[in-house]
Amino acid sequence: MELRTAVSRLRRELAAHPAEFPDRVIAEDELAALAAMATHGVPEVPRLRRSLLLIAGAIGSVSALSRGLSDVRDAVELFGEPERGR
């Protein structure tokens, strides 16, 4: 529920943000993917983290979106640590 709420909020904030930036489409696509994962069962933690990394890279320099990004990161962290490679 936290992930769904955080993603929804950040999607609204991004849609309302007036500035265009080069990686906006990447952020929008990954937020849509996170929304789908949050809606359809238990998401895969590595995929969640990959999406989060792409979103952070895409909008990390847009300070107006930093709180929403932080909320999404906190929600992703609720799913626990990723499994370590062998």
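That block above? That's the structure.
Rules behind the numbers
- Residues numbered from 1 in each chain as written.
- Predicted model: local features only at pLDDT ≥ 70, side-chain atom pairs only at ≥ 80, totals over all residues.
- Heavy atoms only, no water.
- Salt bridge = Lys/Arg side-chain N within 4 Å of Asp/Glu carboxyl O.
- Buried < 20%, exposed > 50% of the residue type's maximum accessible area, 1.4 Å probe, protein only.
- Helix = DSSP H or I, 4+ residues; strand = E, 2+ residues; numbered from the N terminus.
- Expected span 1.5 Å × (residues − 1).
- Contact = heavy atoms within 4.5 Å.
- Axes fitted to C-alpha atoms, helices over the stretch in contact; angles between N-to-C directions.
- Parallel < 35°, antiparallel > 145°, perpendicular 65-115°, else oblique.
- Left-handed = near helix turned anticlockwise from the far one by under 90°.

Colleague: Run through the pattern of salt bridges, naming residues and quoting values.
Modeller: This model, assessed by the stated rule, comprises seven salt bridges. The residue Arg-24 makes a salt bridge to Glu-20 at a minimum N-O spacing of 4.0 Å. Residue classification places Arg-24 among the buried positions, given a relative accessible area of 6%. Here the salt bridges do not stand alone but share partners, grouping Arg-9, Arg-67 and Asp-71 into one network.

Colleague: Hey, could you go over the side chain of His-17 for me, with residue numbers and the actual values?
Modeller: With respect to the helices and strands, His-17 occurs in the loop between α1 (2–16) and α2 (24–39). Residue classification places His-17 among the buried residues on the basis of a relative accessible area of 16%.

Colleague: I'd like to hear about helix α4 (residues 66–77), residue by residue, with values.
Modeller: Along an α-helix, residues three or four apart share an orientation, since each turn contains 3.6 residues. Taking 1.5 Å of rise per residue, twelve residues should cover 16 Å, and α4 covers 16 Å from first to last C-alpha, within 8% of that figure. Of the surrounding elements, those touching the buried residues of α4 are α1, α2 and α3 (45–59).

Colleague: So what's going on with the packing of α3 against α4? Which residues, and what values?
Modeller: α4 packs onto α3 with a crossing angle of 165° between their chain directions and a minimal axis gap of 10 Å. One element, α3, and the other, α4, form an angle in the roughly antiparallel class. Along this stretch, α3 crosses α4, giving a crossing that reads as left-handed. Touching Leu-48, Arg-49, Leu-52, Ile-55, Ala-56 and Ile-59 of α3 are Leu-69, Val-72, Arg-73, Val-76 and Glu-77, all from α4.

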